[in-house]
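Examining the three-dimensional arrangement
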Amino acid sequence: LRALTDAGYQPLNVASLLEQNEFPGRNYLLSFDDGTLDHYTVTFPLLQERGCRAVFFVPTAKINPPGYVTTAHLREMAAAGQTIGFHSHDHKRLDIMTDSEMRYQMRKSRDILGGITGAPPWIFAPVGGFINRHLREVAKGFSVRAIRTMEWGYNETVDLTALETIPLNRHTTREKFREI
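The paragraphs below set out a description of the structure included in this document.

Parameters and conventions
Residues numbered from 1 in each chain as written. Predicted model: local features only at pLDDT ≥ 70, side-chain atom pairs only at ≥ 80, totals over all residues. Heavy atoms only, no water. Helix = DSSP H or I, 4+ residues; strand = E, 2+ residues; numbered from the N terminus. Rg over C-alpha atoms; globule rule 2.2 N^0.38 Å. Buried < 20%, exposed > 50% of the residue type's maximum accessible area, 1.4 Å probe, protein only. Contact = heavy atoms within 4.5 Å. Areas by Shrake-Rupley, 256 points an atom, 1.4 Å probe, with all protein chains shown as cover. Lys, Arg positive; Asp, Glu negative; His and termini not counted. Charge placed at Lys NZ, Arg CZ, Asp CG, Glu CD. Expected span 1.5 Å × (residues − 1). Bend = angle between axes of the 7 residues up to and from the residue. Salt bridge = Lys/Arg side-chain N within 4 Å of Asp/Glu carboxyl O. Phe/Tyr/Trp six-rings, centres within 6.5 Å; stacked < 30°, edge-to-face > 60°. Lys NZ or Arg CZ within 6 Å of the ring centre and 35° of its normal.

Of regular secondary structure, the protein possesses seven helices and eight strands. Relative to the 2.2 N^0.38 estimate, which gives 16 Å for 180 residues, the radius of gyration of the protein is 16 Å and therefore close to what a compact globule would have. A principal-axis box enclosing the C-alpha atoms of the protein has dimensions of 45 × 35 × 30 Å. Each of the 180 residues in the protein was classed as buried or not, and the buried ones make up 38%. Long-range pairs, those at least 24 residues apart, make up 57% of the contacts in the protein between residues at least 6 apart in sequence. Carbon together with sulfur atoms contributes 49% to the accessible area of the protein, which is approximately 10000 Å² in total. Counting 21 positive and 20 negative side-chain charges, the protein places the centres of these two groups 3 Å from one another.

Here Gly8 shows up in the loop between helix 1 (2-6) and strand 1 (10-11). With 35 residues separating them along the chain, Gly8 and Thr43 place their C-alpha atoms 21 Å apart.

This paragraph deals with the side chain of Thr83. Positionally, Thr83 belongs in strand 5 (residues 83-86). We classify Thr83 as buried; its relative accessible area is 14%. Apart from the residues within four sequence positions on either side, Thr83 is in contact with Val14, Ala54, Val55, Phe56, Trp122 and Ile123.

The first and last C-alpha atoms of helix 3 (residues 38-50) sit 17 Å apart over 13 residues, in line with the 18 Å expected at 1.5 Å per residue. Its axis deflected by about 35° at Phe44, helix 3 carries its strongest bend there, up to four residues before the proline Pro45. Taken residue by residue, helix 3 has His39, Tyr40, Thr43, Phe44 and Leu47 as its buried positions. Among the residues trailing helix 3, Gly51 stands out with phi positive, at a value near 65°.

Now for the pattern of salt bridges. All told, the structure shown has seven salt bridges when counted by the stated rule. A salt bridge links Arg148 to Asp33; the nearest nitrogen and oxygen atoms lie 2.8 Å apart. With a gap of 115 residues between them, Arg148 in strand 7 (residues 146-152) and Asp33 in strand 3 (residues 30-33) connect regions that are remote in the sequence. Across the pair Asp95 and Arg93 runs a salt bridge whose closest N-O atoms are separated by 2.8 Å. By relative accessible area, which is 16% here, Asp95 ends up buried.

The tally for this structure, following the rule as stated, stands at four aromatic pairs. Taking 5.4 Å as the distance between ring centres and 90° as the angle between the ring planes, the aromatic pair formed by Trp152 and Tyr154 counts as edge-to-face. On the basis of relative accessibility, which here comes to 48%, the residue Trp152 falls in the partly exposed class. In this arrangement the basic side chain of Arg93 is found over the ring face of Phe130, its NZ or CZ atom lying 3.6 Å from the centre.

The following block contains the structure:
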């Protein structure tokens with residue numbers, strides 16, 4: 001976060017995706033996948049300390065087991081202004097499922113997260129970034145307004161149903177991050 005700020009980047013408020021088609025200047029949007037406990041114990045406090053917002057894509061079957069976020073964590077994060085997006089129920093590839101399986105996974109995830117946060121999620125990240133035209137259309141049918149893909153890129157133009165990403169993980173060194 002410090003490196004982004006030092007380089008002149010500003011964090012976007014996630015909700016601004018729905019309000020604007022252009023984002024002048026140097027902006028970024030953070031997202032975190034899979035609902036692991038460190039999202040609550042490490043990431044969330046850092047974001048709050050810096051007044052930053054992010055999207056947390058949570059597979060709902062993994063809410064509450066050891067090592068994952070809890071219902072209470074998600075409520076607190078959402079109440080603090082963080083966005084909780086959906087990422088399927090069982091964290092399985094949706095693009096290769098039958099239509100009914102795909103819809104079940106999305107409906108169950110949306111309903112659970114909506115019950116926890118008080119509003120159905122409007123942003124979606126398919127598991128592994130695997131998406132096809134049918135999955136995109138099904139997602140839009142569940143009131144999804146933005147889809148974060150795993151397509152590597154900087155979103156020179158904004159297509160809310162195909163948001164590009166720069167994936168980072170624990171193997172991304174500071175040097176590699178600065179290069180990216």
